[in-house]
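Summary of structural features
Chain by chain, the residues:
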Amino acid sequence: MPDRSHTRPPRAADLGAFAPIALAALVLALVPLWAGDSRSMMTVVTTGLTFASYAVAFNLIFGATGQLFLCVGALAGIGGFGSVIISDRLGLPFLVTMPMAALLSGLFGAALSWVAVRRSLDTIFTGIVTLAFALSFQSFVLGRPELTGGENGLQVAGGADTLLRQPVEPYYVFLGLLVVFLVVYRVIQRSHVGWAFRALRDDDAAASLAGIDVARYRILAGWIGSMMLGLTGALFAHYRGFVGDTTYAFGSVDVRVLVMLAFGGIGTLLGPVLGAAVFTVMDELLVDQAQVRELIYGVITVILFLSFRQGAVPALTNAVRRLVGADQPPPREASSADTGIG
Amino acid sequence: MSEPLLAVEGLSAGYLGEDVIHDIDLTVATGEVVCVIGSNGAGKTTMLRSMCGLLPATAGSVRFDGVDLRRLPSHRVMRSGIVYVPAERHLFPGMTVAENLALGSYPKRPDPAQLEIVYRTFPRLQERLGQNAGTLSGGEQQMLAVGRALMAEPSLLILDEPTTGLAPVLAQEAYGALSELREGGLTVLVAEQQVPLALELSDRGYVLDHGRIALTGPSSELATDPEVRKAYLGI
Amino acid sequence: MVAVLIDGLVLGLQFGMLGVGLTLVYGLGGVVNLAHGQMAVVAAMVAARLMDRGTATALAVAAGILSVVALGVVIDRTLMQPVYRERSEHRVLLGLLLMLGVGFIIDGVLEWRYPIEALSLRITGGPVEVFGVAIRRGSIVASAVIGVVGLALILFFRYTTFGRATRSVIEDEEGARLCGINPGAVRTVIFGLSGGLAGIVAMTQAMTSPVVSTAGVGLTIFALIVAVVGGLGSTSGAFLAGIILGLVNTLSAFYIGTFVSSIILLLAAASTILLRPEGLLRRA
């Protein structure tokens, strides 16, 4: 089996933990063979990868440490608008401005996390505070057109004439980013910190009693996840060559990411990727019925949370386990895939 | 002998699939005051809650006034003539004493005559009618909990540890009020850790130990039983 | 200046009534109704469709309001039942996500079937002079309607048996059950009432400016902010917060600008959570 987990030299026993990432990367790497002839199809699948990255980052924040960040789009937008504006104003190359913008997103995310932890906000109030943040960001984008272009948006100079504007190449850049994120997620999940995360999600009080520094791990997750969001948002901006008021809007990013993650399985490694893939395909099938798309999203959300709360990845791995029986060891994913929101 | 007011047979119940009480048999006749004594964790609360439908029973039957209570949701049980006063009281802290009392007679409007009885038993409540329940002292809250229960004009009043959180003097006072109500003909089932008070008040008693009825008999006999004296009276 | 203040007051009353509906449903069952604004729009759209077909205005308005009462009852009896079986945080999260889905469904249906529908109940006639200030007739009728409904609500919660029972479930669900109150039935009735209140708000909004089919999300967000600032679960808090925020919103939009005013509203919500959590987390 191809193994791409060499990004972090692992012990032999660890290799299995990264196999699902390698497998997913391999499958996704083959997509351009089928879609590569069509520029519009490549845009669709590359956007799909962007959402997969958003969902992995959101999963780190919400799935792993239970912080309902309803500002995924805003944090990505800080990265996107930040990188574009810095590179325009200071004339820096996007390779420099993207990490700068990601740090900025990380700063905001960590600050939100810090506030939530310090005031001991529960899920719902974390959700409302971050939603208020997201909507404020949206108002800022619309209300400061001299900086953000307002409703007209901004043309992005940084990234033009580079491989980011080629038809197929950007897909692999995004895929690389996604793989790095997945590896980071896995490494964190398997580290000492990851055990803390899991203890945390299962029971705050018990985790506190067990001597885990709840606050620090939450803020750490908020910080890393937000940097991921900022970086993805920035890369997306330079790839698309345009950022506007809807690029990172709550309705176009957060809602989709939440539904994707819920579909794939909150707190699972590959759930976000599967969710993003399924919804990218679905969007493409519904491209001519754009007006019913929101209706279908709504119906799926309701059905999902009523009857299918674990998400697809745990449901699939359970099914596979039952089919395969005891002869073969279950895939590693199954053993560490945790259940849904419960 | 005619059927008792409350007849519990073979009742078992618990949490998370594990029974805490096993095979409980218990009766209360009209006009009787019956106590259930036992140490902390013996299953007294579990038993009372499952009798009232607040906790699903796993086996057994609860008949009250000829009706099978296990078929009823808890709020219907409370309208059938039983009223349960839990140790935590569950008052409405942001509502006035008057409103708390009025809710006791839900769905009917409060009956003035019954209000009179409550005021006579607990004059302090009448003084504080306009005050929010949350601002009352512990003793007054206990009075309000019993008062609210009385507003339903129950044919059986079930009390779970009415002395919880009360200083000894107040506990004495609470039992004083209960014995007044008893004189008025009220039927009472009371679970209690304060064994001397409970045995003094009641006609009959049950000793609950590790979720089973260990002993039963007239309260006067239980009070002189060597086992009971050793375990609960510290003599 | 006075005219702006009055506009703000009308908006504030409408905000307050939206917030009350949201806060009641949250207080009773822990459900944050993220489709609250969409329900208001449904009432408006039902009325608009009926009026397009020639139904008398009063009848169409009544039918619109009743239709969301029914919608609220149905949602509570079906989708919300598994939510009420959950406890604490899981309940809140599941309720919130399900209602988010319901919001998408309503918005999706409206966008698909009636993208350009709008309800206008413009009240004819010139402005009325009150103490030397010219006020639009629509504003007067709108605030009168909300004032009457608000007063009726206060009397209902204070003096009727069912109103008190509702408050008791918000205060202590177990205690209510001990009094023989069926919390499930109370929740169903109040979910319907909350829908009806949202419908009434939509009707009063249509008296001064058309209510369009896409207005739902915006109304939901206002309702949420108002309910949070007022303290989730507190009806009087929600009403007061609505009036204050309506005034703040209108004044800052008039003197500073629309975008700044919405940021001010959001900051108000966020800082309430951060600065007065004890008041807000009372029932969380």
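Residues numbered from 1 in each chain as written. Chains lettered and ligands numbered in written order. Predicted model: local features only at pLDDT ≥ 70, side-chain atom pairs only at ≥ 80, totals over all residues. Heavy atoms only, no water.

1. So, the interface of chain A and chain C
Definition in use: Contacts between residues were defined by any pair of non-hydrogen atoms, one from each residue, lying within 4.5 Å. Two parts lose some accessible area (1.4 Å probe) when they are put together, and adding that loss for both gives the buried area. Criterion for a salt bridge: a side-chain nitrogen of Lys or Arg within 4 Å of a carboxyl oxygen of Asp or Glu.
Residue-level contacts link 36 residues of chain A with 38 residues of chain C. Across the chain A/chain C interface, buried area totals approximately 3,500 Å², and carbon plus sulfur atoms make up 80% of it. The largest share of the area that chain A buries against chain C comes from Ile124, Phe125 and Glu294 of chain A, three residues that together contribute 17% of it. Counting across the interface, chain A meets chain C through zero salt bridges.

2. Concerning unusual backbone geometry
Residue and element names in this part refer to chain B. We count it as follows: For helices the rule is a DSSP run of H or I covering at least 4 residues; for strands it is a run of E covering at least 2, with both sets numbered from the N terminus onward. Using a 1.4 Å probe on the protein chains alone, a residue whose accessible area is under 20% of its type maximum counts as buried, one over 50% counts as exposed, and one in between counts as partly exposed.
Here Tyr106 and Pro107 are connected by a cis peptide whose omega angle stands at 0°. Structurally, Pro107 is set in the loop between α3 (97-104) and α4 (112-121). We note that His90 has phi near 50°; this positive angle belongs to a residue other than glycine. You can see His90 is positioned in the loop between β6 (82-85) and α3. Here His210, not a glycine, exhibits a phi torsion of approximately 50°, which is positive. Tracing the backbone shows His210 in the loop between β9 (204-209) and β10 (212-218). What makes His210 exposed here is its relative accessible area of 66%.

3. Some words on the packing of aromatic side chains
By convention here, two paired aromatic rings are described through the distance between centres and the angle between planes. Rule in force here: Two aromatic rings from Phe, Tyr or Trp, using only the six-membered ring of Trp, form a pair when their centres are within 6.5 Å; if the ring planes differ by under 30 degrees the pair is stacked, by over 60 it is edge-to-face, and anything between is tilted. A ring has a charge above it when a Lys NZ or an Arg CZ is no more than 6 Å from the ring centre and no more than 35 degrees off the ring normal.
Scanning the model with the defined rule gives 14 aromatic pairs over all chains in all. Aromatic pair Phe236 of chain A and Tyr239 of chain A: ring centres 6.3 Å apart, planes at 45°, arrangement tilted. Of this pair, Phe236 of chain A and Tyr239 of chain A both sit in helix α11 (residues 214-240), separated by three residues, roughly a single helical turn. For the pair formed by Phe236 of chain A and Tyr239 of chain A, the shared burial category is buried. Both rings, one in Phe156 of chain C and one in Phe162 of chain C, keep their centres 6.3 Å apart while their planes meet at 40°; by these two values the pair is tilted. The class of Phe162 of chain C is partly exposed, set by a relative accessible area of 25%. For the cation-ring pair, Arg148 of chain B lies above Phe92 of chain B, with the distance from its terminal atom to the ring centre recorded as 4.8 Å.

4. A short note on the sheet that holds strand β7 (residues 156-160) of chain B
Residue and element names in this part refer to chain B. Worth spelling out the cut-off: In this analysis, strands are considered paired if DSSP registers two or more bridges between them. Every angle, taken between N-to-C directions, lies between 0 and 180 degrees, and every axis is a line fitted to C-alpha atoms, over only the stretch in contact when it is a helix.
Spatially, six strands are ordered β6-β7-β8-β3-β9-β10 in an open sheet, and the strand pairing comes out mixed. Where the open sheet ends on each side, the last strands, each with one partner, are β6 and β10. The mean angle between the axes of side-by-side strands here comes to 15°, regardless of whether they run parallel or antiparallel. Pairing geometry for β9 and β10, over six bridges, is antiparallel. In the sheet register, Tyr206 faces β10, and the bridge partner there is Thr216.

5. So, the nonpolar core
Rules: Grouping buried Ala, Val, Leu, Ile, Met, Phe, Trp, Tyr and Cys residues that are joined through side-chain atoms within 4.5 Å yields what is termed a nonpolar core.
Ranked by size, the top nonpolar core spans 189 residues in total, and within it Tyr54 and Phe58 of chain A together with Met80, Met99 and Ile181 of chain C carry the most contacts. Within the second largest apolar cluster, 40 residues are counted, among which are Val33, Ile37, Val83 and Val188 of chain B.

6. Here's the deal with the domain arrangement of chain B
Residue and element names in this part refer to chain B. Heads up, the condition is: Note: domain ranges come from an automatic or database domain assignment. Within 3.5 Å is the distance limit for a polar contact, defined as a pair of N or O atoms, with the added protein rule that one can donate a hydrogen and the other accept it, and that residues adjacent in sequence qualify only through two side-chain atoms.
Domains assigned within chain B are domain 1 (1-81 + 171-179 + 186-235) and domain 2 (87-153). Relative to domain 2, the C-alpha centre of domain 1 lies at a distance of 24 Å. Domain 1 puts four residues into the contact, and the matching count from domain 2 is six residues. Between domain 1 and domain 2, roughly 440 Å² of surface is buried when both sides are summed, and carbon and sulfur atoms account for 69% of that area. Its largest share of buried area at the contact with domain 2, domain 1 owes to Arg79, Glu173 and Ala177, together 62% of the area lost on that side. Counting across the domain 1 and domain 2 interface gives zero salt bridges. At the surface where domain 1 touches domain 2, the tally comes to zero residue pairs in polar contact (both at pLDDT 80 or more).

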